[in-house]
Amino acid sequence: MDFNMKKLASDAGIFFTRAVQFTEEKFGQAEKTELDAHFENLLARADSTKNWTEKILRQTEVLLQPNPRKTLIKVAEAEKQLGAAERDFIHTASISFLTPLRNFLEGDWKTISKERRLLQNRRLDLDACKARLKKAKAAEAKATLWNDEVDKAEQELRVAQTEFDRQAEVTRLLLEGISSTHVNHLRCLHEFVKSQTTYYAQCYRHMLDLQKQLGSSQGAIFPGTFVGTTEPASPPLSSTSPTTAAATMPVVPSVASLAPPGEASLCLEEVAPPASGTRKARVLYDYEAADSSELALLADELITVYSLPGMDPDWLIGERGNKKGKVPVTYLELLS
């Protein structure tokens, strides 16, 4: 016990002496042993290394730490683009499809209906004149009417017949015009399908861009392994062909067209996964390999993926059991 107390007292005395010496040195009241220039340079270099290491560590942690705010901003921008595409689609469909149909119902069809009603009235007038003439002739045969009554009925019948024939011709011409209306309706339907195709293609591109942006943020956890890109991996759907409206999955070009120079000669048998940087991925869609360098995929299966230096960022190396090949990033959901 006495030994410990003496040691504590000695340590306290040493600390006090050091504090006094340090304070007097600061005020210039005591001599300070100067280190040689090389030693001072080593100390400064060590301090600088420590400071920069701390800065790199802090900034890297900020970069790798998930940032919900940035993710929400990206999603909001994508939703804004989807809303703009939807507004364009509604506007185009209204002009090229709904407006022509509405014009037909409110214009041409009203005219046709009016002329049909007039034709119906002319027919009723004609039939009434025919009935009067028939009665007049029957009465004349019985000598109960004068001949001028028959002449009057015949004259009315001729007028009614003329008016009926003229109205029938007008109505017939209008009804024959329905054929051109059918052609116009078909053209409007074609424009509607084309605008719908453009809308779905824009939505696909916007969502693909969002998927890649979020994927690149997620891939930053493995630096240099998964690099995102804002360019869609598949060509945009044509806005001039309605048949492309049925496209619901990404169309990926062949590896030969995507691989950078020198990568096409990559020998998969010699490829080994890196010591770090491999990840699990869930397959989103079925994918049929275009050649022997690619790996066929089945939806919902799990595979191991990794990247190699110089690879196209839209492709990864995928492994399933003893099978190995290139796989498109857009067909995968990378798992943490």
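Below, the structure is looked at part by part. Bear in mind the structure is a predicted one, so any value in this text is a computation, not a measurement.

**A closer look at the overall build of the protein chain**
Here is step 1: When you go through the protein chain residue by residue, the secondary structure sums to six helices and five strands.
Here is step 2: For the protein chain, the succession of helices and strands along the chain, N to C, is α-α-α-α-α-α-β-β-β-β-β.
Here is step 3: For the protein chain, the residues scored as buried account for 26% of the 336 residues in total.
Here is step 4: Considering only residue pairs separated by 6 or more positions, the protein chain has 65% of its internal contacts joining residues 24 or more positions apart.
Here is step 5: Carbon and sulfur atoms make up 59% of the accessible area of the protein chain, which totals about 22,900 Å².

**Comments concerning the nonpolar core**
Here is step 1: Counting residues in hydrophobic clusters, the biggest one holds 19 residues, and the most contacted among them are L297, I303, V305, L316, V327 and L332.
Here is step 2: Those elements that provide at least two residues to this core are strand 1 (279–283), strand 2 (302–306), strand 3 (315–320) and strand 5 (332–334).
Here is step 3: The residues touching I303, leaving out its near neighbours within four places in the chain, are R279, K280, A281, V283, L297, G318, E319, R320, V327 and L332.

**Some details on the pairing of strand 1**
For a regular strand, side chains alternate in direction, first toward one face of the sheet and then toward the other.
Here is step 1: Side chains R279, A281 and V283 of strand 1 all project onto a buried face; the interleaved residues K280 and R282 project onto a face where none is buried.
Here is step 2: As defined by bridge partners, strand 1 adjoins strand 2 across four bridges and the pair is classed as antiparallel. By the bridge assignment for strand 2, K280 is matched with T304.
Here is step 3: In the sheet, strand 1 pairs with strand 5 via three bridges, with the strands oriented antiparallel. Looking at strand 5, one finds that V283 is bridged to L332.

**A word on unusual backbone geometry**
Here is step 1: Positive phi, normally seen in glycine, also occurs at D300, with a value near 80°.
Here is step 2: On the basis of relative accessibility, which here comes to 60%, the residue D300 falls in the exposed class.

**Some thoughts on the sheet that holds strand 3**
Here is step 1: With respect to topology, five strands assemble into an open sheet ordered 4-3-2-1-5, the strand pairing being antiparallel. Strands with a single pairing partner mark the edges of an open sheet, and in this sheet they are strand 4 (323–328) and strand 5. Across the sheet, the mean angle separating the axes of adjacent strands is 40° when strand polarity is ignored.

**As for the pattern of salt bridges**
Here is step 1: Across all of its chains, the model carries ten salt bridges by this definition.
Here is step 2: Between E156 and R132 there is a salt bridge, and its shortest N-O distance comes to 3.3 Å. Pair noted here: E156 is in helix 4 (residues 147–176) and R132 is in helix 3 (residues 68–141), with a separation of 24 residues, a long-range link.
Here is step 3: Judged by relative accessible area, E156 falls into the partly exposed class, the value being 29%.
Here is step 4: The exposure class assigned to R132 is partly exposed, which follows from its relative accessible area of 41%.

**Things to note about the environment of A30**
Here is step 1: Here A30 shows up in the loop between helix 1 (2–26) and helix 2 (37–64).
Here is step 2: In this structure the C-alpha to C-alpha distance between A30 and V20, which are ten residues apart in sequence, comes to 9.6 Å.
Here is step 3: When residues no more than four places from it in sequence are discounted, the contact partners of A30 are Q21, E24 and E25.

**With respect to the packing of aromatic side chains**
Here is step 1: Following the criterion strictly, the structure yields seven aromatic pairs and no others.
Here is step 2: Arranged with centres 5.4 Å apart and planes meeting at 40°, the rings of Y199 and Y200 form a pair that is tilted.
Here is step 3: By relative accessible area, which is 43% here, Y200 ends up partly exposed.
Here is step 4: On the basis of an interplanar angle of 90° and a centroid distance of 5.4 Å, the ring pair of Y285 and Y331 is categorised as edge-to-face. Highlighted residues: Y285 in the loop between strand 1 and strand 2 and Y331 in the loop between strand 4 and strand 5, separated in sequence by 46 residues.
Here is step 5: A residue is classified by how much of its surface remains accessible, and Y331, at 5% relative accessible area, is buried.
Here is step 6: Put simply, the rings of F89, F97, F192, Y199 and Y200 touch in pairs and so form one group of aromatic residues.

Parameters at a glance
- Residues numbered from 1 in each chain as written.
- Predicted model: local features only at pLDDT ≥ 70, side-chain atom pairs only at ≥ 80, totals over all residues.
- Heavy atoms only, no water.
- Helix = DSSP H or I, 4+ residues; strand = E, 2+ residues; numbered from the N terminus.
- Buried < 20%, exposed > 50% of the residue type's maximum accessible area, 1.4 Å probe, protein only.
- Contact = heavy atoms within 4.5 Å.
- Areas by Shrake-Rupley, 256 points an atom, 1.4 Å probe, with all protein chains shown as cover.
- Core = buried A, V, L, I, M, F, W, Y, C linked by side-chain atoms within 4.5 Å.
- Pairing = 2+ DSSP bridges.
- Axes fitted to C-alpha atoms, helices over the stretch in contact; angles between N-to-C directions.
- Salt bridge = Lys/Arg side-chain N within 4 Å of Asp/Glu carboxyl O.
- Phe/Tyr/Trp six-rings, centres within 6.5 Å; stacked < 30°, edge-to-face > 60°.

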